[in-house]
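The residues making up each chain are set out below.
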Amino acid sequence: MAVLDIVHYGDPILRKKCVPVKDFSILGNLLDDMFDTMYEAEGIGLAANQVNLNLSLFIIDITHTEEADEPNIFINPEITAKAGDENIYPEGCLSFPGITLDVVRPEQISLKYQTPDEIWHEDEYTGLLSRAVQHEMDHLRGIYIIDRVSQLDKMKYKQELTDIESNSKKQSAYRTRGAKRFVL
Ligand code: NI
């Protein structure tokens, strides 16, 4: 059990497309750590690349609502259909601390994914779960919430975005230097 560092806007890993999970035996500790990290940060969703792992998986916990009885784990997910009205809803992101943007997304999706037992599922989601899944799916493809709003909306947070990006670059450089020190 460990709380991992969450990477922020400006870190190159967030723009990379994630790769499919093939070896499920590595997931046990990682998933525990991701849940610890998400709860510590008071988020409702977390993608693997937000903790510096280039893997196609994310977790969601919306058990504070009526919509879910237990947390969800989605591995190698793929949206197979979208339906319903386009809705506007305010979204925050653990990689964009302090920023909330109104994002337009379709109401309903169908998602194909695996669970940690490697079994494939296909489910339809609406409401907050649909919204959260679509947000995390964007992460896995290197897409940010700021990519989904107008230039004008983005400009409202110009200073905040500049600050997050410059801090993130410092952290990223520190991690790289730190890693080299431990190569033996
Ligand atoms: Ni996010």
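Note: the structure precedes this text.
Residues numbered from 1 in each chain as written. Predicted model: local features only at pLDDT ≥ 70, side-chain atom pairs only at ≥ 80, totals over all residues. Heavy atoms only, no water.

Peer 1: Lay out the nonpolar core with the relevant residues and their values.
Peer 2: F58, I60, F74, L111, Y125 and V133 are the most contacted members of the largest nonpolar core, which totals 17 residues. If you list the elements that add at least two residues to this core, you get β2 (57-60), β4 (100-114) and α2 (127-140). It is α2 that provides the largest number of residues to this core, a total of 6 residues. Setting aside anything within four residues of it in sequence, one finds I60 in contact with F35, M38, I44, G45, P71, N72, F74, L129, A132, V133 and E136. (Core = buried A, V, L, I, M, F, W, Y, C linked by side-chain atoms within 4.5 Å. Buried < 20%, exposed > 50% of the residue type's maximum accessible area, 1.4 Å probe, protein only. Helix = DSSP H or I, 4+ residues; strand = E, 2+ residues; numbered from the N terminus. Contact = heavy atoms within 4.5 Å.)

Peer 1: Can you lay out empty space enclosed by the protein for me, pointing to particular residues and giving the numbers?
Peer 2: The rolling of a water-molecule-sized probe over the atoms marks out the regions of remaining empty space. All chains considered together, the criterion is met by 1 cavity of 30 Å³ or more. In this model, the largest cavity occupies a volume close to 30 Å³. For the largest cavity, the full set of lining residues is R105, H135, D138, H139, I143, Y144 and I145. Ranked by the residues each element gives to the lining of the largest cavity, the list is headed by α2, at 3 residues. Partitioning the lining of the largest cavity into residue classes produces 3 nonpolar, 2 polar and 2 charged. (1 Å grid on protein atoms, 1.4 Å probe; cavity = no way out; pocket = protein on both sides within 12 Å on 5 of 7 lines; lining within 4 Å. Points joined across faces, edges and corners; volume = space filled by probe spheres on them. Nonpolar A, V, L, I, M, F, W, Y, C, P; charged D, E, K, R; others polar.)

Peer 1: An account of the environment of N52 is needed here, citing residue identities and associated values.
Peer 2: Its location among the elements puts N52 in the loop between β1 (45-47) and β2. A sequence separation of 27 residues divides N52 from S25, and the C-alpha atoms of the two residues are 19 Å apart.

Peer 1: Any details on the coordination of the nickel ion? Residues and values, ideally.
Peer 2: Within the protein, the atoms that donate to the nickel ion are C93 (SG), H135 (NE2) and H139 (NE2), at distances of 2.1 to 2.3 Å. Summarised as a motif, the one-chain spacing of the donors to the nickel ion is C-x41-H-x3-H. In this pair, C93 sits in the loop between β3 (72-92) and β4 while H135 sits in helix α2, placing the two residues 42 residues apart along the sequence. According to the relative accessible area criterion, H135 is buried, its value standing at 9%. (Donors = N, O, S within 2.8 Å, 3.2 Å for Na, K, Ca; no water.)

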